[in-house]
Amino acid sequence: MGAAVLRWGGRLLAGAVLVGLVLVLGTGVRVWQVARIEDYTPADAIVVLGAAQYSGTPSSVFEARLYQAEKLYEQGVSDLVITVGGKQEGDLYTEAASGKMYLTDAGVPEDAVLAVETGSDTLRSIEAVAVAMRERGLESAVLVSDPWHSLRTRTMARDAGLDAWTAPTRTGPAVYTRESQAHGIARETAALLWYQLTHFSADFTYTAGQ
């Protein structure tokens, strides 16, 4: 009897491990698939997810996202760009304000850029953008971030009630090397699984370069 219980217990454990592996691998494949999507369908707004900035100067990660948003604006995808993100303790500028300065310096009209200066992680940023858009009667958004971030941001935006799709950057540290790409996929697979399980955000530290 004891041996039979142990055998069944072992089989159940092996089955649970297999299901877990399939779930993780399947999620990783979806992260990779959505990262390859570039949808330039016209939208009510182009939304740029924030990243680190230094005294108003965007980090290389953030600059790559802003450059992509600038291109989308110039191509007529939307006449409004929304930058989003708060600031860390001691910062002089928010991520959103830093992003707006970059875009206006690049020639985007100031009244075409809305800075939503709240959000300390992806989920809070998306929720803040959704509120700001609803207040203005806007519903659709093309999301700009790193490729590997696309599936999670799209999932969160749709959960927040937005009609959302993605057109990620193809430049910057997130795509420079195979190491940074593998790190991004692993990072976002874990973060997305955590969000789907808990509906809380999990923005793990980005280590592929700033």
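Given the structure is predicted, the values throughout are model-derived calculations rather than measurements.

Regarding the overall build of the protein
Scanning the protein from terminus to terminus reveals seven helices and seven strands. Moving toward the C terminus, one meets the helices and strands of the protein in the order α-β-β-β-α-β-α-β-α-β-α-β-α-α. Counting all 210 residues of the protein, 47% fall into the buried class. Sequence-distant contacts in the protein: of pairs separated by 6 or more residues, those separated by 24 or more amount to 70%.

Concerning the confidence of the model for the protein
Put simply, the protein has an average pLDDT of 88, and 86% of its residues get 70 or more. Every residue in residues 206–210 is under pLDDT 50, and counting partners more than four places away or in other chains gives 16 contacts.

Comments concerning the pairing of strand 4 (residues 81–84)
A two-sided burial pattern is seen for strand 4, the buried positions comprising Val81 and Thr83 on one face and Ile82 and Val84 on the other. Sheet analysis places strand 1 (residues 45–49) next to strand 4, joined by four bridges and oriented parallel. Paired with Leu49 across the two strands is Val84, which belongs to strand 4. With four bridges joining them, strand 4 and strand 5 (residues 113–116) adopt parallel strand pairing. Pairing of Val84 across the sheet is with Val116, part of strand 5. Between the parallel elements strand 4 and strand 5, the chain passes through helix 3 (residues 95–105) in a crossover that is right-handed.

Section: the sheet that holds strand 1
If you walk across this open sheet you meet the five strands as 5-4-1-6-7, and the pairing is parallel. One side of each edge strand has no neighbouring strand; the edge strands of this open sheet are strand 5 and strand 7 (163–166). Sheet twist, expressed as the average angle between the axes of neighbouring strands with direction ignored, equals 25 degrees. Where strand 1 and strand 6 (residues 140–144) come together, four bridges link them in parallel fashion. Directly across from Val47, in strand 6, lies its bridge partner Leu143. Docked against the sheet, helix 2 (residues 60–74) engages strand 1, strand 4 and strand 6, running at close to 170 degrees with respect to strand 1. Its contacts with the sheet place helix 4 (residues 122–135) against strand 1, strand 4, strand 5 and strand 6, and it is angled at close to 155 degrees to strand 1.

With respect to the pattern of salt bridges
One pass over the structure, following the stated rule, counts six salt bridges. With its nearest N and O atoms 2.8 Å apart, the salt bridge here joins Asp146 to Arg65. With Asp146 in the loop between strand 6 and helix 5 (150–159) and Arg65 in helix 2, this residue pair connects regions lying 81 residues apart in the sequence. With respect to burial, Asp146 and Arg65 carry one shared label: buried. A salt bridge links Glu135 to Arg136, with the nearest nitrogen and oxygen atoms 3.9 Å apart. On the basis of relative accessibility, which here comes to 62%, the residue Glu135 falls in the exposed class. Here the salt bridges share partners, and the residues they tie into one network are Arg152, Arg187 and Glu188.

Quick word on the nonpolar core
Ranked by internal contacts, the top residues of the largest apolar core, which has 31 residues, are Val47, Ile82, Val116 and Met133. The element that contributes the greatest number of residues to this core is helix 4, accounting for seven residues. Apart from residues no more than four positions distant in its own chain, Ile82 is found in contact with Ala45, Ile46, Val47, Val48, Leu114, Val116, Val129 and Met133. Counting 20 residues, the second largest nonpolar core, distinct from the first, contains Val48, Leu72, Val77 and Val81.

Scoring rules and cut-offs
- Residues numbered from 1 in each chain as written.
- Predicted model: local features only at pLDDT ≥ 70, side-chain atom pairs only at ≥ 80, totals over all residues.
- Heavy atoms only, no water.
- Helix = DSSP H or I, 4+ residues; strand = E, 2+ residues; numbered from the N terminus.
- Buried < 20%, exposed > 50% of the residue type's maximum accessible area, 1.4 Å probe, protein only.
- Contact = heavy atoms within 4.5 Å.
- pLDDT = per-residue confidence, 0-100.
- Pairing = 2+ DSSP bridges.
- Right-handed = clockwise from strand over helix to strand, strands pointing away.
- Axes fitted to C-alpha atoms, helices over the stretch in contact; angles between N-to-C directions.
- Salt bridge = Lys/Arg side-chain N within 4 Å of Asp/Glu carboxyl O.
- Core = buried A, V, L, I, M, F, W, Y, C linked by side-chain atoms within 4.5 Å.

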